[in-house]
Amino acid sequence: MLEVKNLRKEYGGLTAVQGVSFNLHPGDIFGFIGSNGAGKTTTIRMISTLLEPTSGTALLNGADIRRDPMEVRRMLGYMPDFFGLYDDVKVWEYLDFFAAIYQVPTKKRAEVIDNVLELTDLTVKKQAFVQSLSRGMQQRLCLARCLVHDPTLLLLDEPASGLDPRARAELKELIAELGRMGKIVIVSSHILPELADFCNTVGIIERGTLLACGPVDRIVKEMQPNRKLKVSLIRDGSEATLAIRDMPFVLGAQESGENEISVDYTGDHEAQADLLADLIKRNFRVITIQEDFADLEDVFMKLTTGAVN
Amino acid sequence: MLIEIHRFRRRYLTFSGGNTLNSAILAIVLVSYAGLILVVFSGKGNFPPLGIVMFQAVLITIFAPGMLHGAIAGERERRSWELLLVAPISNAQIVFGKFLGALAALGVAFGFLFVPIMFAAVTYLNTNWADLFQGELVSITFAVAICAFTLLISARVRRPFVALGVTLGSLAMILIVIPGMLSSLVGNISGAIEDEIWLLNPIYVLAKLLDHRRYDYGGAYDRGGLSNHVWGWPQIGVYLALSAVLLRWGVLTLKFAENDVKFLPKGQKEDA
């Protein structure tokens, strides 16, 4: 389990992260969302023991990042947003080097390397030179490197940046698989659709402050407690808007386009069918009536102002 | 270590593509080495072994920074540094690992140069084995100090070429320029003061060891220089102590280097 407690980082007069707290359990895939400069990378670097927090701490399975960083490092895999690979080194040699650093027993190393290569779908590239790999493959190799010591926590900082759509899809599937394997995964990104697909928990950060944190559904629900319906008509949009405002379960209605009405609604599907029937009964020519679901992007846009430190 | 051997083989012994230049450099080194062997063998009996030790010291002063300047700065430049910092190894382990790797490479270089030195020593008429032993130790400990110094500079900068420039520049200043300027400023100085000025220059030390067998079998050097006891062991002790201090400093530097913000220019640092 990862417990992040009131993490704070100050650089001189600048507070990069102010009191970030959250808890994650095995299997959680945590999407860390924020604009560039919001404090995602600083938070991740503090958890990874690369940066010393000004105050606060984080505990990984009881090990404190400040008091016992070596123990924490044994349990985490960290993939930075930019990373370099050594020249003139083959894929298996690269992994073997890091397996040695992470004190994987010599006898087990070959098996471990084969396993992580299989998991990251790089088995065929075992004898290839790392500089000959595509960007997507290098990204997967870096992830394989993170996995050689079977870490509890994976910190992935912008893992999909610079990848083509296919490589992104493969990486998403891989991260989802790691979650299913019971690992805690923290993925930072500012590309929201990418996170919404496979994260079960998200945290939204702006100017170093965690604005929202929890399961995706809950956060979306909190942001938009009522249903939002979109009604399209052939004509008479203004009259229909006035009529809808007087109907049951309607909190508000306004025209959102030509002959298009946005309705704040608290009724269930039965009531929604009645609303449609009522409109038709009043001779309004309805084309469609559909629910407008909020997504992570809507929540993000609603919560944040776009300001950076 | 095995990976480093593989990398060396691929870089220098593949004779193809981008490695052709490396292979050519290795070929030049080998031809030069063969030339040295040839000169020593053909001048059998006339070649003072300490002369080759002096040549060795000059070579190592250039070779060691060339080999080690990217040890840490190179990791930073290629962005592989953070991957080492999050591994469960201490900063001291990182520095000493790099340092021992460099010493292993230096060991190979010393091993190659040991052949002509020993041949010259055996065939040279006036070989003083005690002086030769001290001279070799001066050369080795100086090489160790150079490695420690290069590692320290590499730990403190971000670009390998900056590390190389700063290291070679500093060595030139410390070993040649400053003592040379002091010598010329003081003017007509006694041998003792000149000796003090050049006390830590290994070439000067080796020259003294070579000279005192030739000209001075008694006490002080005939120009009124420092006692013969000043040359050899004191420098060995100083170089070793200096190495320890520089390595420790390098380890402490890494603690600061963890925070990349320290490397940002001032304006950007405030924006970060």
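Residues numbered from 1 in each chain as written. Chains lettered and ligands numbered in written order. Predicted model: local features only at pLDDT ≥ 70, side-chain atom pairs only at ≥ 80, totals over all residues.

1. Quick word on the overall build of chain A
Scanning chain A from N- to C-terminus turns up eleven helices and 14 strands. Here the C-alpha radius of gyration of chain A, 24 Å, is well above what a compact globule of 309 residues would show, namely 19 Å. Over its C-alpha atoms, taken along the principal directions, chain A stretches across nearly 80 × 45 × 30 Å. Residues classed as buried in chain A amount to 39% of the 309 residues present. (Helix = DSSP H or I, 4+ residues; strand = E, 2+ residues; numbered from the N terminus. Rg over C-alpha atoms; globule rule 2.2 N^0.38 Å. Buried ≥ 20, exposed ≤ 12 C-beta atoms within 10 Å, placed from the backbone.)

2. Regarding the overall build of chain B
Tallying secondary structure elements over chain B gives twelve helices and zero strands in all. Counting over 272 residues, chain B shows a buried share of 31%. Contacts in chain B between residues far apart in sequence, at least 24 positions, make up 80% of those at least 6 positions apart. (Contact = placed C-beta atoms within 7 Å.)

3. Examining unusual backbone geometry
At Gln103(A), a residue that is not glycine, the phi angle is positive and equals roughly 60 degrees. Structurally, the position occupied by Gln103(A) is in the loop between helix H3 (91-101) and helix H4 (106-119).

4. Topic: the interface of chain B and chain A
Listed as interface residues are 19 residues of chain B and, on the opposing side, 21 residues of chain A. Examining the composition of the side of chain B that touches chain A, we find that five residues originate from one element, helix H1 (residues 2-12) of chain B, more than from any other. For the side of chain B that touches chain A, the per-class residue count stands at nine nonpolar, three polar and seven charged. (Nonpolar A, V, L, I, M, F, W, Y, C, P; charged D, E, K, R; others polar.)

5. Quick notes on the sheet that holds strand E1 (residues 2-11) of chain A
Residue and element names in this part refer to chain A. Judged by pairing direction, the sheet is antiparallel, and its four strands sit side by side in the order E2-E1-E4-E5 without closing on themselves. Whereas interior strands pair on both sides, the edge strands pair on one side only; in this sheet they are strand E2 (14-24) and strand E5 (63-64). Relative to E2, E1 runs antiparallel, the two being bridged by seven bridges. By the bridge assignment, Leu7 is partnered in E2 with Val20. (Pairing = 2+ DSSP bridges.)

6. Here's the deal with the domain arrangement of chain B
Residue and element names in this part refer to chain B. Domain annotation of chain B identifies domain 1 (6-42) and domain 2 (45-261). The partner domain 2 presents seven residues to the five residues of domain 1 that form the contact. When grouped by side-chain class, the residues that make up the side of domain 1 that touches domain 2 number five nonpolar, no polar and no charged. (Domains from an automatic or database assignment.)

7. As for the pairing of E1(A)
Residues and elements named next belong to chain A. One ladder, built from five bridges, connects E1 with strand E4 (residues 55-60); its direction is antiparallel. Along E4, the bridge assignment pairs Lys5 with Thr57. The hairpin turn running from E1 into E2, its antiparallel successor, is two residues long, and Gly12 in that turn takes a positive phi close to 60 degrees.

8. So, the pairing of strand E8 (residues 184-189) of chain A
Residue and element names in this part refer to chain A. The buried count for E8 comes to six of six residues, which makes it a mostly enclosed element. Covered by surrounding structure in E8 are Ile184, Ile186 and Ser188 together with Val185, Val187 and Ser189, the residues of both alternating faces. Pairing between strand E3 (residues 29-33) and E8: five bridges, direction parallel. Its bridge partner lying in E8, Ile29 is registered against Val185. Sheet topology note: the strand E7 (residues 153-157)/E8 ladder contains five bridges and is parallel. Residue pairing across strands places Leu153 opposite Ile184, the latter belonging to E8. In the classification by handedness, the crossover that spans E7, the intervening helix H6 (residues 165-180) and the parallel E8 is right-handed. (Right-handed = clockwise from strand over helix to strand, strands pointing away.)

9. Side note on helix H8 (residues 160-186) of chain B
Residue and element names in this part refer to chain B. Between the first and last C-alpha of H8 there are 37 Å, a value that for 27 residues agrees with the 39 Å anticipated at 1.5 Å per step. Most pronounced at Met173, the bend in H8 amounts to some 45 degrees. Residues of H8 that are buried: Pro160, Ala163, Leu164 and Thr167. Looking at the buried positions of H8, the neighbouring elements they touch are helix H3 (49-68), helix H4 (73-77) and helix H7 (129-156). (Expected span 1.5 Å × (residues − 1). Bend = angle between axes of the 7 residues up to and from the residue.)

10. What about the sheet that holds strand E14 (residues 286-291) of chain A?
Residues and elements named next belong to chain A. Across the sheet, four strands lie side by side as E12-E13-E11-E14; this open sheet has antiparallel pairing. Edge positions in the open sheet fall to strand E12 (250-257) and E14, since each of these has one partner strand only. In this sheet, adjacent strand axes meet at a mean angle of 20 degrees when their direction is disregarded. Bridge count for strand E11 (residues 227-233) against strand E13 (residues 260-265) is six bridges, and the pairing is antiparallel. If you follow Leu229 over to E13, its bridge partner there is Val263. Seen against the sheet, helix H9 (residues 237-245) touches E11, E12 and E13 and runs at an angle of roughly 170 degrees to E12. (Axes fitted to C-alpha atoms, helices over the stretch in contact; angles between N-to-C directions.)

11. Section: the nonpolar core
Residues and elements named next belong to chain A. By size, the foremost hydrophobic cluster in this structure holds 72 residues, and its most contacted members are Leu95, Leu155, Val185 and Val187. Per-element accounting of this core gives the leading share, seven residues, to helix H5 (residues 135-147). Once residues lying within four places of it in the same chain are set aside, the contact partners of Leu95 are Ile113, Val116, Ala144, Arg145 and Val148. (Core = buried A, V, L, I, M, F, W, Y, C linked by C-beta atoms within 7 Å.)

12. Points about the domain arrangement of chain A
Domain parsing of chain A yields domain 1 (2-215) and domain 2 (225-293). Averaged C-alpha coordinates put domain 1 of chain A and domain 2 of chain A at centres separated by 46 Å.

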